[in-house]
Amino acid sequence: MATLDQITGIIDFELADLEAAWSNSPILLNKNEIEFRLCYICKFHIERKNFAGINQNDSFAWTIDLINAKKPKLEFTNFIAVHQSCIENRQSLDSRKQLKYVKAMKWEFDESFWNK
Ligand SMILES: [Zn+2]
């Protein structure tokens, strides 16, 4: 489980946290959910292999964010996978309602657009 370093303020995430964040993010109907998810902030896809730890300068790289950052509990249910560049664009510190709304909609990867 993730731990917060009280001195530096840096959260140290573990592999299980990444898995939880990934599984909490919205799926794309026509894509393998192990490889692709939707970023609930910008509605673009996230690719599993493009993790921010490896591609630091890629704005489409994903990372973990907290769904409810108002009450920043370090629990699996509060982790979400998003693009690292999208975190600053989140609408609210508490994204639970927005996420519920986005997840209730059906999302598809636009093959015709991305495979031109
Ligand atoms: Zn995004």
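Below, the structure is looked at part by part. Here the structure is a predicted model, which is why all the values come from computation and not from measurement.

**Overview of the overall build of the protein chain**
Reasoning step 1: Across its full length, the protein chain holds three helices and six strands.
Reasoning step 2: Taken from the N to the C terminus, the helices and strands of the protein chain come in the order β-β-α-β-β-β-β-α-α.
Reasoning step 3: Computed over its C-alpha atoms, the radius of gyration of the protein chain comes to 14 Å, within 12% of the 13 Å expected for a compact globule of 116 residues.
Reasoning step 4: Projected onto the principal axes, the alpha-carbon positions of the protein chain cover approximately 50 × 30 × 25 Å.
Reasoning step 5: For the protein chain, the residues scored as buried account for 24% of the 116 residues in total.
Reasoning step 6: Nonlocal contacts in the protein chain, meaning residues at least 24 apart in sequence, comprise 48% of its contacts between residues at least 6 apart.

**Notes on the environment of Arg48**
Reasoning step 1: Along the chain, the position of Arg48 falls in the loop between strand S4 (45-47) and strand S5 (62-66).
Reasoning step 2: Residues Arg48 and Glu19 lie 29 residues apart in sequence; the distance between their C-alpha atoms is 10 Å.
Reasoning step 3: Ignoring sequence-local partners within four residues, the contact set of Arg48 consists of Trp22, Ile34, Glu35 and Phe36.

**What about helix H1 (residues 15-24)?**
Reasoning step 1: Along H1, the residues that are buried comprise Asp17, Ala20 and Ala21. Projected onto a plane normal to the axis of H1, the buried residues spread over an arc of 100° and lie on a single side. Away from its buried face, by an angle of more than 90 degrees, H1 presents the exposed residues Leu15 and Ala16.
Reasoning step 2: Contact partners of the buried residues in H1: S5 and strand S6 (79-83).

**So, the nonpolar core**
Reasoning step 1: The biggest cluster of nonpolar side chains holds 16 residues, and the ones touching the most others in it are Ala21, Cys39, Tyr40, Phe79, Ile80, Ala81 and Val82.
Reasoning step 2: Every element with two or more residues in this core is listed here: H1, S5 and S6.
Reasoning step 3: For this core, the element with the highest residue contribution is S6, accounting for four residues.
Reasoning step 4: Once residues lying within four places of it in the same chain are set aside, the contact partners of Phe79 are Asp17, Ala20, Ala21, Asn24, Ile64 and Leu66.

**Some thoughts on unusual backbone geometry**
Reasoning step 1: We note that Lys43 has phi near 70°; this positive angle belongs to a residue other than glycine.
Reasoning step 2: Counting through the fold element by element, Lys43 comes out in the loop between strand S3 (36-38) and S4.

**Re the pairing of S6**
Reasoning step 1: Among the five residues that make up S6, five are buried, leaving the element largely enclosed by the rest of the structure.
Reasoning step 2: Note: S5 against S6, five bridges, orientation antiparallel. For Trp62, the partnering residue across the bridge sits in S6 and is His83.

Rules used in this analysis
- Residues numbered from 1 in each chain as written.
- Predicted model: local features only at pLDDT ≥ 70, side-chain atom pairs only at ≥ 80, totals over all residues.
- Helix = DSSP H or I, 4+ residues; strand = E, 2+ residues; numbered from the N terminus.
- Rg over C-alpha atoms; globule rule 2.2 N^0.38 Å.
- Buried ≥ 20, exposed ≤ 12 C-beta atoms within 10 Å, placed from the backbone.
- Contact = placed C-beta atoms within 7 Å.
- Arc of directions from axis to C-beta.
- Core = buried A, V, L, I, M, F, W, Y, C linked by C-beta atoms within 7 Å.
- Pairing = 2+ DSSP bridges.

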